[in-house]
Amino acid sequence: MTAKLIKGTEIRDEILKELKVEVDKIKEEHGVVPGLVTILVGEDPASISYVTSKIRTAQNLGYKEIQDNQSVEIKEEELLSLIDKYNKDDSIHGILVQLPLPKHIDEKKILNAIDPDKDVDGFHPVNVGRLMIGGGEVKFLPCTPAGIQELIVRSGMEIEGAEVVVVGRSNIVGKPIANILLQKAKGANATVTVAHTRTKDLAFHCKRADILVVAAGVPGLVKPEWIKPGACVIDVGVNRVGEKISEKTGKKIAILKGDVDFDEAKEIAGYITPVPGGVGPMTITMLMRNTLRSLKFHLGIA
Ligand code: GUN
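Residues numbered from 1 in each chain as written. Predicted model: local features only at pLDDT ≥ 70, side-chain atom pairs only at ≥ 80, totals over all residues. Heavy atoms only, no water.

**Some remarks on the overall build of the chain**
(1) Moving on: In terms of regular secondary structure, the chain is built from 10 helices and 11 strands.
(2) Moving on: On C-alpha atoms alone, the chain measures out to a radius of gyration of 19 Å, which is about the 19 Å that the 2.2 N^0.38 rule sets for 302 residues.
(3) Moving on: By the burial criterion, 49% of the 302 residues in the chain qualify as buried.
(4) Moving on: Looking at the chain alone, contacts between residues at least 24 apart form 70% of all its contacts between residues at least 6 apart.
(5) Moving on: Surface summary for the chain: the accessible area is close to 14900 Å², and the carbon and sulfur share equals 52%.
(6) Moving on: Within the chain, the 41 negative side-chain charges are centred at a point lying 2 Å from the centre of the 40 positive side-chain charges. (Helix = DSSP H or I, 4+ residues; strand = E, 2+ residues; numbered from the N terminus. Rg over C-alpha atoms; globule rule 2.2 N^0.38 Å. Buried < 20%, exposed > 50% of the residue type's maximum accessible area, 1.4 Å probe, protein only. Contact = heavy atoms within 4.5 Å. Areas by Shrake-Rupley, 256 points an atom, 1.4 Å probe, with all protein chains shown as cover. Lys, Arg positive; Asp, Glu negative; His and termini not counted. Charge placed at Lys NZ, Arg CZ, Asp CG, Glu CD.)

**Notes on the pairing of strand β5 (residues 163–167)**
(1) Moving on: In terms of burial, β5 is largely enclosed, as 4 of its 5 residues are buried.
(2) Moving on: Examined bridge by bridge, β5 and strand β6 (residues 191–195) share 5 bridges and lie parallel to one another. Each residue of the ladder has a partner; that of Glu163, found in β6, is Thr191.
(3) Moving on: At this point the chain moves from β5, through helix α7 (residues 174–182), to the parallel β6, and the crossover so formed is right-handed.
(4) Moving on: As paired elements, β5 and strand β7 (residues 211–214) share 4 bridges and run parallel to each other. Bridge assignment links Val165 to a residue of β7, and that residue is Leu212. (Pairing = 2+ DSSP bridges. Right-handed = clockwise from strand over helix to strand, strands pointing away.)

**Topic: the packing of aromatic side chains**
(1) Moving on: Scanning the entire structure with this criterion turns up 0 aromatic pairs.
(2) Moving on: Here Lys139 stacks its cationic end above the ring of Phe297, 4.6 Å away from the centre of that ring. (Phe/Tyr/Trp six-rings, centres within 6.5 Å; stacked < 30°, edge-to-face > 60°. Lys NZ or Arg CZ within 6 Å of the ring centre and 35° of its normal.)

**What to know about the site of the ligand**
(1) Moving on: Neighbouring the ligand are Leu96, Val97, Gln98, Leu99, Asp121 and Phe123.
(2) Moving on: At a separation of 2.9 Å, a nitrogen atom of the ligand approaches a polar backbone atom of Leu99.
(3) Moving on: One of the side-chain nitrogen or oxygen atoms of Asp121 is found 2.6 Å away from a nitrogen atom of the ligand.
(4) Moving on: Protein coverage of the free-state accessible area of the ligand, which is 270 Å², stands at 79%.
(5) Moving on: Considered class by class, the residues forming the shell around the ligand number 4 nonpolar, 1 polar and 1 charged. (Near = heavy atom within 4 Å. Polar contact = N/O pair within 3.5 Å; in protein donor to acceptor, adjacent residues only side chain to side chain. Nonpolar A, V, L, I, M, F, W, Y, C, P; charged D, E, K, R; others polar.)

**A word on the sheet that holds strand β1 (residues 4–5)**
(1) Moving on: In spatial order, the strands read β1-β11-β8-β7-β5-β6; together these 6 strands make up an open sheet with parallel pairing. If you trace the sheet from one side to the other, it starts and ends with β1 and β6, each paired once.
(2) Moving on: Pairing analysis gives 2 bridges linking strand β8 (residues 232–235) to strand β11 (residues 271–272), with the strands arranged parallel. When the sheet's bridge partners are listed, Cys232 is paired in β11 with Tyr271.
(3) Moving on: Relative to β8, helix α6 (residues 143–155) is tilted by about 150°, and along the sheet it contacts β1, β7, β8 and β11. (Axes fitted to C-alpha atoms, helices over the stretch in contact; angles between N-to-C directions.)

**Section: helix α1 (residues 8–30)**
(1) Moving on: Its 23 residues give α1 an end-to-end C-alpha distance of 32 Å, which sits within 8% of 33 Å, the value for a rise of 1.5 Å per residue.
(2) Moving on: Taken together, the buried positions of α1 are occupied by Gly8, Ile11, Ile15, Leu16, Leu19, Val23 and Ile26.
(3) Moving on: Those residues of α1 that are buried are in contact with α2 (45–60), α6 and α10 (280–299).
(4) Moving on: In the stretch just after α1, Gly31 is the one whose phi turns positive, near 70°. (Expected span 1.5 Å × (residues − 1).)

Structural data, given as structure tokens:
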């Protein structure tokens, strides 16, 4: 293997340690801790698992956390009232509504009801706009793209002036990571191309990339011969391609495959993220960072 493996699990642990130091210091000096509420509607197993991990991480950092589970039958109006209650609660600095929501609820309406200053997911149009404008305007970066930026920065790969190619234009990953990396800011200043399903010659663009971020949701989409030797490859794809029995727990678990052919790509790339254990662990970590950041804004120390 020639590429340096960018280990999301190790970088996660490093950042969580840094956050804990800050949380303890703020608690000592100001007598408050970050407060995070997660609202889960229904009993989708994947959503339950995500929310449980978020709450467990918040607990380990000493945050105040509320796991507010609601029936799948909840009416849109009731959910809006619940958000209003947490918007007004001074001990809550971050509100997260786990997605997807049931079909009878308008997801956009719900996300827009969250106070932008408590929108630790960074999904509210106000925060999307703040990211577009950049500079001092930015309050919360969406968690997965913020995690990708941290991975690249901490890997030691130079972002300034680099040719970045993003494959995928979703609102959650593709568009925001392109925006983050082109900002006039530290850990950015890149030249960014966004490729997508209508791109004429995907291979051509990928081959030019010093940093290739793939978030297309298509297993093995990026071929090894499309990777520039020495490039930094960030694979955001988490595709379930089958099931196996876990050696650790004896339970059935999903076999995950990224959007990049890892075994061959690692022989060409300079840096590469594995799937799982690359980008995945960063999302919750950035949620924790956003929640702490929200408290710091609240205290006027951000
Ligand atoms: N569902 C899957 N990922 C996410 C996320 O990052 N935030 C929210 N709110 N819901 C999700």
